[in-house]
Amino acid sequence: TERSLQLYQSKQGLELKDHSNHAVNDLNVSNHISKNTSGQSSSTRGSVLRSSDKQLERVRQVRLQSYLYVLSYLVTYIWSIIVQILNSQRLQDQMEHAGAVYLPLLILQAIFVPSQGVSNAMVFFRPKYMLVRKRFTSQTKWWCVRRCIFGDSIRA
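If you're wondering where the values come from, they're calculated on a predicted model, not measured in any experiment.

A. Looking closely at helix α6 (residues 141–150). Among all positions of α6, only Trp143, Cys144, Arg147 and Cys148 are buried. Looking down the long axis of α6, one finds its buried residues gathered within 140 degrees of arc, a one-sided arrangement. Residues of α6 that are exposed and angled more than 90 degrees away from the buried face: Trp142 and Phe150. Check the buried side of α6 and you find it contacts α5 (116–135). Following α6 by one or two positions, Gly151 adopts a phi angle in the positive range, close to 75 degrees.

B. Spatial organisation of α5. An ideal rise of 1.5 Å per residue puts 28 Å on 20 residues; α5 measures up with 29 Å between its terminal C-alpha atoms. Every buried residue of α5 is listed here: Ser119, Val123 and Val132.

C. Quick look at the nonpolar core. In terms of nonpolar packing, the biggest core is built from 6 residues, these being Val132, Phe136, Trp143, Cys144, Cys148 and Ile154. Aside from chain neighbours lying at most four places away, what touches Trp143 is Val132, Phe136, Ile154, Arg155 and Ala156.

D. Structural detail: the pattern of salt bridges. Tallied over the full model, the rule gives 1 salt bridge. Between Arg147 and Asp152 there is a salt bridge, and its shortest N-O distance comes to 3.1 Å. For Arg147, a relative accessible area of 10% puts it in the buried group.

E. Seen up close, the side chain of Ser119. Considering the arrangement of structural elements, one finds Ser119 in helix α5. When sequence neighbours within four positions are dropped, the list of residues in contact with Ser119 reads Ser72 and Thr76.

F. The arrangement of the packing of aromatic side chains in detail. Across all of its chains, the model carries 4 aromatic pairs by this definition. Relative to Phe112, the ring of Trp79 has its centre 5.9 Å away and its plane inclined at 35 degrees; by these criteria the two rings are tilted. Linking Trp79 in helix α2 (residues 42–88) with Phe112 in helix α4 (residues 98–112), this pair joins segments that are 33 residues apart in sequence. Judged by centre distance (5.2 Å) and plane angle (80 degrees), the ring pair of Phe124 and Phe125 falls under edge-to-face. The class of Phe124 is exposed, set by a relative accessible area of 54%.

G. Focus on the environment of Asp152. Tracing the chain through its elements places Asp152 in the segment after α6. Looking at Asp152, its side chain comes within polar contact range of the side chain of Arg147, at 3.1 Å.

H. Spotlight on the side chain of Ser80. Mapped onto the secondary structure, Ser80 falls in helix α2. Given the relative accessible area of 14%, Ser80 is considered buried. A distance of 3.2 Å separates a polar atom in the side chain of Ser80 from a polar atom in the side chain of Gln109.

Here is what the cut-offs are and how they apply
- Residues numbered from 1 in each chain as written.
- Predicted model: local features only at pLDDT ≥ 70, side-chain atom pairs only at ≥ 80, totals over all residues.
- Heavy atoms only, no water.
- Buried < 20%, exposed > 50% of the residue type's maximum accessible area, 1.4 Å probe, protein only.
- Helix = DSSP H or I, 4+ residues; strand = E, 2+ residues; numbered from the N terminus.
- Arc of directions from axis to C-beta.
- Contact = heavy atoms within 4.5 Å.
- Expected span 1.5 Å × (residues − 1).
- Core = buried A, V, L, I, M, F, W, Y, C linked by side-chain atoms within 4.5 Å.
- Salt bridge = Lys/Arg side-chain N within 4 Å of Asp/Glu carboxyl O.
- Phe/Tyr/Trp six-rings, centres within 6.5 Å; stacked < 30°, edge-to-face > 60°.
- Polar contact = N/O pair within 3.5 Å; in protein donor to acceptor, adjacent residues only side chain to side chain.

Structure representation (structure tokens):
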């Protein structure tokens with residue numbers, strides 16, 4: 001089991017490297033597009049470069065979406081990470097009132113870890129929600145949420 005734990009941890013490290021590489025690539029694309037279009041006015045860029053403006057906006061949206069997924073993950077698991085750090089330091093044995101420290105962390109962990117799916121769904125539906133809000137400005141926010149989840153079956 002120790003070997004499988006090491007394999008799992010090395011795989012997790014590899015996945016984190018892959019995600020950071022994607023973020024770096026997104027930043028490189030964004031910088032390249034902004035450098036190539038920054039010195040020109042919008043009237044001289046022409047229709048070809050306007051597509052670059054759309055591409056730049058798309059890169060920004062993808063970057064924001066990836067940051068939101070990372071933030072969602074951190075908010076969900078920060079409590080588990082803190083508990084594991086405290087366990088690794090064996091503070092339970094050293095502290096007289098360790099329960100006063102551990103109990104709130106365990107409660108937060110019990111609340112946030114099961115809610116990871118909800119936070120991922122919120123991040124997942126966010127772009128569609130933004131489009132629906134822009135398209136149907138007279139509708140309520142709750143209607144827009146329902147439209148994102150259930151699609152065209154929700155009529156205006």
